[in-house]
Amino acid sequence: MKIDNNFEEFESIGNNHIGTSESTPLRHDAFKLSKEEKIDIIKDDVRHIMETLGLDLTDDSLKGTPNRVAKMFVKEIFGGLDPEKKPSASTFENKYKYGEMLVEKNITVYSTCEHHLLPIVGKAHIAYISNGTVVGLSKMNRIVDYFAKRPQVQERLTIQIVRELQEVLNTKDVACVIDAKHLCVNSRGIRDIESSTVTSEFGGRFKDKATRREFLDYIKLDTKF
């Protein structure tokens, strides 16, 4: 009975897209295997899944799929699990004394729902107020991409982006809003193709209503070139 109850609890967490921790859940031996060893193991597992589904892996179109999927998992869509890929965010002194918020909006988010391993696709909007330090604009995009490239829940992704920038910039004055579609909702289950999920995390001065409102007004600007 306890096993059945636990199974129902785990199913409820996954089906309701609930995160259980602020940090990405990793085993202590997560990096014991090399990338190539992981690819070999995952390749065999993908092959087994496909064969179990009844697919003929001798077909020219399918025979390379297990290897392609394994490489994609390790080197691409879950590449953010590798701490060696964490972007080095060089900071600079704010010599021009810019004292207002800096907003980087419409950063593309490609992530993967950790409950069904289906894509999360959307946009992230980030802002910070310098306390004497600034960071290169492209580094903000790279930080988003790094934390997105792993099995995720959107709430955790939003928090991780803010925490990383707070550490890099040595300030609490960081904010992030993400608006994304979850294919685990859009393509399965309820199959609602119109809905999207919005999450936010506001630190420091962004907890002030007026400052938060200014940031939200900026991200509504329709930028076209």
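In this text, all values refer to a predicted model and were calculated from it rather than measured experimentally.

For the rest of this paragraph, the subject is the UniProt feature "domain: GTP cyclohydrolase I" (unreviewed entry) in the protein. Per the UniProt record, "domain: GTP cyclohydrolase I" (unreviewed entry) is found at residues 42-219. In residues 42-219, helix accounts for 38% and strand for 26%; the two terminal C-alpha atoms are 40 Å from one another.

Right, let's get into the UniProt feature "binding site: Zn(2+)" (unreviewed entry) in the protein. According to UniProt, the positions carrying the feature "binding site: Zn(2+)" (unreviewed entry) are Cys113, His116 and Cys184. A stretch of 72 residues holds the annotated residues, and the largest C-alpha distance among them is 7.3 Å, short enough that they meet in one place. Relative to the helices and strands, Cys184 resides in helix H6 (residues 183-186). Owing to a relative accessible area of 1%, Cys184 belongs among the buried residues under this scheme.

Read across the open sheet, the 5 strands follow the order E5-E2-E3-E6-E7; overall the sheet is mixed. For this open sheet the edge positions go to strand E5 (151-152) and strand E7 (197-202), each flanked by a neighbour on one side alone.

Let's shift gears to the pattern of salt bridges. Inspection of the entire model under this criterion finds 15 salt bridges. The partner of Glu201 in a salt bridge is Arg163, and the shortest N-O contact between them spans 3.3 Å. Separated by 38 residues along the polypeptide, Glu201 in strand E7 and Arg163 in helix H5 (residues 154-169) bring together distant segments of the chain. You can call Glu201 buried: its relative accessible area is 17%. One network of salt bridges, in which partners are shared, links Glu22, Arg163 and Glu201.

Splitting the protein by domain gives domain 1 (8-84) and domain 2 (88-219). A C-alpha centroid distance of 25 Å is found between domain 1 and domain 2. Opposite the 19 residues of domain 1 that make contact, domain 2 presents 18 residues. Buried surface at the junction of domain 1 and domain 2, both sides included, amounts to about 1,400 Å², of which 54% is carbon and sulfur. Our count for the contact surface shared by domain 1 and domain 2 stands at 1 salt bridge. Inspection of the domain 1/domain 2 interface yields 7 residue pairs in polar contact (both at pLDDT 80 or more). Of all elements in the fold, only helix H1 (2-15) and helix H3 (65-77) reach the threshold of two or more residues within the side of domain 1 that touches domain 2.

Its place among the elements puts Gln154 in helix H5. A polar contact of 3.0 Å, which involves the side chain of Gln154, links it to the backbone oxygen of Ile178. Within polar-contact distance, the side chain of Gln154 engages the side chain of Thr199 at 3.1 Å.

Cut-offs applied
Residues numbered from 1 in each chain as written. Predicted model: local features only at pLDDT ≥ 70, side-chain atom pairs only at ≥ 80, totals over all residues. Heavy atoms only, no water. UniProt positions renumbered as here; feature names shortened; annotations may be inferred. Helix = DSSP H or I, 4+ residues; strand = E, 2+ residues; numbered from the N terminus. Buried < 20%, exposed > 50% of the residue type's maximum accessible area, 1.4 Å probe, protein only. Pairing = 2+ DSSP bridges. Salt bridge = Lys/Arg side-chain N within 4 Å of Asp/Glu carboxyl O. Domains from an automatic or database assignment. Contact = heavy atoms within 4.5 Å. Buried area = accessible area lost by both parts, 1.4 Å probe. Polar contact = N/O pair within 3.5 Å; in protein donor to acceptor, adjacent residues only side chain to side chain.

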